Amino acid sequence: MFENIDSFKLASSLARHASDRQNVIAQNIANADTPGYRASDIADFASHFDKWDWAAHDTTNVDRPSPPWRDSMAQMHIATRPEFGNFGKEPTIFSRFDAPDETSPNGNTVALENQMVKSAAASSEHNMALALYRSSVDFLRTAIGK
Amino acid sequence: MTDFLKTTEISAAGMRANAQRLRIVSENLANADTPGYRRKVINFEAERATGMVEAGNVKLDQTDLTVIYDPGNPLADESGHFNGSNVELVTEIADAREAQRSYEANLNMFDQTRQMTRGLLELLRR
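Bear in mind the structure is a predicted one, so any value in this text is a computation, not a measurement.

Trainee: Mind showing me how you'd approach the interface of chain B and chain A here?
Mentor: Where interface size is quoted, it is often the accessible area lost as the parts come together. Facing the 33 residues of chain B at the interface are 30 residues of chain A. Buried surface at the junction of chain B and chain A, both sides included, amounts to about 2,600 Å², of which 56% is carbon and sulfur. In this assembly, chain B and chain A are joined by 2 salt bridges. A salt bridge links B:Arg21 to A:Asp33; the shortest N-O distance between them is 3.0 Å. At the boundary of chain B and chain A, one finds 9 residue pairs in polar contact (both at pLDDT 80 or more). Ranked by residues supplied to the side of chain B that touches chain A, first place goes to helix H2 (residues 89-122) of chain B with 13 residues. Tallied by class, residues from the side of chain B that touches chain A come to 11 nonpolar, 14 polar and 8 charged.

Here's what the structure looks like:
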């Protein structure tokens, strides 16, 4: 029911981005001493958001096309529905890219310090998403007078 | 939610691998004075599909053993020499420190992910 309201969608998309990023960072840290391992990362949420050309689509226009995070959310809800065959299969909506910190002699490109900073950022992003969700709920409550 | 579970599993795999590495280091240190002992080494391997890390098979370091001169030792040959181990204490200590540091990083990650999960579950409490 809440998925149809934009701010909830945005909050949920942001939380998902934070959790995906946390997952990638955990992999990097776990492989911090694996020879030849290359650090990866996913783009920050703002850059996913900025891809949408807001100016070209007037917000007062009733049948404006939906922004990209909305499309990806819609796909996500379809794809994660527990059906036979694709149960448990999580679509990755945020694609990964190679993000080397510094190369050590054994070919590993993970620097623990950088990864720690990134994970702190992911954690606060998640907090922000939850706060956004909570305040949206409050907003809704106020609107219905409870 | 399941994403967070996966994340904690990855961190746990990292901790497991580093604990194994630390065990190998302590075995080497314990046998630093064992005649003919070759130090053990393990390699970390990344699992491409899951992103987890795994400690590979134990291998023996094939560098030359140190030759010790001690004519009174029962193991000594005619010239009074015998083979010691090829364990170098400084290398082992450095390895142990690195394993500890990586273990802590993984533990930190585990804790942080758990806190994120808790934040998510808090949403249900109202």
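Trainee: Just checking my understanding: could you explain the packing of helix H4 (residues 112-143) of chain A against H2(B) for this structure?
Mentor: Relative orientation and spacing of two packed helices are given, respectively, by the angle between their axes and the distance between those axes. Running from amino to carboxyl end, H4(A) crosses H2(B) at an angle of 5°, the nearest separation of the two axes being 10 Å. Judged by the angle between their axes, H4(A) and H2(B) are roughly parallel. Contacts between H4(A) and H2(B) involve A:Leu112, A:Glu113, A:Met116, A:Ser119, A:Ala120, A:Ala122, A:Ser123, A:His126, A:Leu130 and A:Arg134 from the former and B:Arg101, B:Ala105, B:Asn108, B:Met109, B:Gln112, B:Met116, B:Gly119, B:Leu120 and B:Glu122 from the latter. Of the residues belonging to the contact of H4(A) with H2(B), the class tally is 9 nonpolar, 6 polar and 4 charged.

Trainee: What is the right way to look at the nonpolar core in this model?
Mentor: Inside soluble globular proteins, nonpolar side chains tend to come together where they are buried. Formed by 21 residues in total, the largest nonpolar core has its most connected members in A:Ile29 and B:Phe44. Contributing elements (two or more residues each) for this core: helix H1 (6-30) and H4 of chain A together with helix H1 (2-30), strand S1 (40-46), strand S2 (53-60) and H2 of chain B. For B:Phe44, the contacting residues outside a window of four places in its chain are A:Asp33, A:Thr34, A:Pro35, B:Ala17, B:Asn18, B:Arg21, B:Val53, B:Glu54 and B:Ala55.

The rules behind these values
- Residues numbered from 1 in each chain as written.
- Chains lettered and ligands numbered in written order.
- Predicted model: local features only at pLDDT ≥ 70, side-chain atom pairs only at ≥ 80, totals over all residues.
- Heavy atoms only, no water.
- Contact = heavy atoms within 4.5 Å.
- Buried area = accessible area lost by both parts, 1.4 Å probe.
- Salt bridge = Lys/Arg side-chain N within 4 Å of Asp/Glu carboxyl O.
- Polar contact = N/O pair within 3.5 Å; in protein donor to acceptor, adjacent residues only side chain to side chain.
- Helix = DSSP H or I, 4+ residues; strand = E, 2+ residues; numbered from the N terminus.
- Nonpolar A, V, L, I, M, F, W, Y, C, P; charged D, E, K, R; others polar.
- Axes fitted to C-alpha atoms, helices over the stretch in contact; angles between N-to-C directions.
- Parallel < 35°, antiparallel > 145°, perpendicular 65-115°, else oblique.
- Core = buried A, V, L, I, M, F, W, Y, C linked by side-chain atoms within 4.5 Å.
- Buried < 20%, exposed > 50% of the residue type's maximum accessible area, 1.4 Å probe, protein only.

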